Amino acid sequence: MNFAVLQFPGSNRDDDAINVLKNVLGHSAHLVWHKEPSVGNVDAVIVPGGFSYGDYLRTGAIARFSPIMQDVQRFAANGGHVLGICNGFQILCEAGLLPGALVRNKSLQFRCEFVHLKTATKNSPFTVSIPSDLYMRVPIAHGEGCYFADEATLKELQASDQILWQYSDAKGALTEEANPNGSLLNIAGVMNKGRNVAGLMPHPENASEPLLGSADGRAIFESLVTSLANKANFK
Amino acid sequence: MKAKIIVTPKKAVLDPQGKTVQSALEHMGYKGVKAVHVGKYLEIELADGDKAVYQKQIDEACHKLLSNPVIEDYHFTIE
């Protein structure tokens, strides 16, 4: 598989995403500078974490108008797979590719710690290979990760099975204590209606090797690779 | 000319900053504070021109970039 990892001024997990895709999973991956007009001939696009444009105005607000994002819109509209991580999730929400928005953590604190994620559905190219009994242990590092959407949108997300991951305790219970940022419904990640664009606040790319304290996050990338290889269709 | 834009969080959106400022004001002894909402103020300096045209452009810019309609409301004046 061939991946494009976008790079904005202020991206900082771009190389971590490349490392997982290339060195851990053995696929081809390259950086694409935000001023490029095209993502190139790739199977999937990763929008990585960081602080694009210094989070000025709102997280992701400026990056979403970078030239490369025009082509990401085209790529996604044609069914291409796009995964946004942390700041990448914020950018995809700002771009309208994903529903909702990420606002300031309820605690007003920047939270940098391990959390557990319950996979809410396996009916997606991003979750299909995640074992049902695995509550992934992955790190978060964000100040603006509180997921918000209006009530109608939340109902639609539930009805269309678009919630992918929720903050849980180690046993999969969706408690308030397990919610690090005040996200509605403990939402950590969602996908679009077309089931080809997803985003999440936690960093699976930083939990894909035992050396980093957890390799659970790898299951997300493996899901994507398997789905692409099988040309799997999710509805 | 100048456009003065105020962006505020929507009522339904959690506003922990507003809540924190509110409780600080209460601790300081200010009475009667019912709620605080923390937003943003932007000033755009404009070359002299047609106010009606600017009105349309600023509204568009507010909708596209300066605010996020999912979580924020805005209003502005041009002077």
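Let me begin by describing the structure that accompanies this report. The residue numbering used here restarts from 1 in each chain and proceeds along that chain's sequence as written. In the order they appear in the text, chains get letters beginning with A and ligands get numbers beginning with 1. The predicted origin of the model limits local features to residues at a pLDDT of at least 70 and limits the giving and counting of side-chain atom pairs to 80 or more, whereas totals for whole chains, interfaces and linings rest on all residues.

### Some words on the interface of chain A and chain B
We apply this condition: A residue pair is marked as a contact if its C-beta atoms, positioned from the backbone, fall within 7 Å. In this description a helix means any DSSP run of H or I spanning at least four residues, a strand means any run of E spanning at least two, and both kinds are numbered starting from the N terminus. Side-chain classes are defined by residue name, with Ala, Val, Leu, Ile, Met, Phe, Trp, Tyr, Cys and Pro counting as nonpolar, Asp, Glu, Lys and Arg as charged, and the others, Gly among them, as polar.
Of the residues lining the interface, 13 residues belong to chain A; the matching set on chain B comes to 10 residues. Looking at the side of chain A that touches chain B, the elements with two or more residues in it are strand 5 (101-103) and strand 8 (146-148) of chain A. Class assignment of the residues belonging to the side of chain A that touches chain B gives a composition of six nonpolar, two polar and five charged.

### Concerning the nonpolar core
The line we're drawing: Here, a nonpolar core denotes buried Ala, Val, Leu, Ile, Met, Phe, Trp, Tyr and Cys residues that are linked to one another through C-beta atoms within 7 Å. Here a residue counts as buried when 20 or more other C-beta atoms fall within 10 Å of its C-beta, as exposed when 12 or fewer do, and as partly exposed in between; the C-beta atoms come from the backbone.
Ranked by size, the top nonpolar core spans 73 residues in total, and within it A:Val45, A:Ile46, A:Val82, A:Leu92 and A:Leu164 carry the most contacts. With near-sequence residues (within four places) excluded, A:Val45 lies in contact with A:Ala4, A:Leu6, A:Val39, A:Val72, A:Phe75, A:Gly80 and A:Val82. Core analysis: the next-biggest nonpolar cluster, separate from the first, contains seven residues, B:Ile5, B:Cys62, B:Leu66 and B:Tyr74 among them.

### Some points on the pairing of strand 1 (residues 2-7) of chain A
All names here are of chain A. Stated formally: For two strands to be treated as a pair, DSSP must find no fewer than two bridges joining them. We call a crossover right-handed when, viewed with both strands directed away from the observer, the connection leading from the first strand over the helix to the second proceeds clockwise.
Of all six residues that make up strand 1, five are buried, and the element is covered over most of its length. Where strand 1 and strand 2 (residues 28-33) come together, six bridges link them in parallel fashion. Along strand 2, the bridge assignment pairs Val5 with Leu31. Where the polypeptide runs from strand 1 across helix 1 (residues 14-24) and back to strand 2, its parallel neighbour, the crossover connection is right-handed. With three bridges connecting them, strand 1 and strand 3 (residues 44-47) associate as parallel partners. Bridge pairing in strand 3 places Phe3 opposite Ala44.

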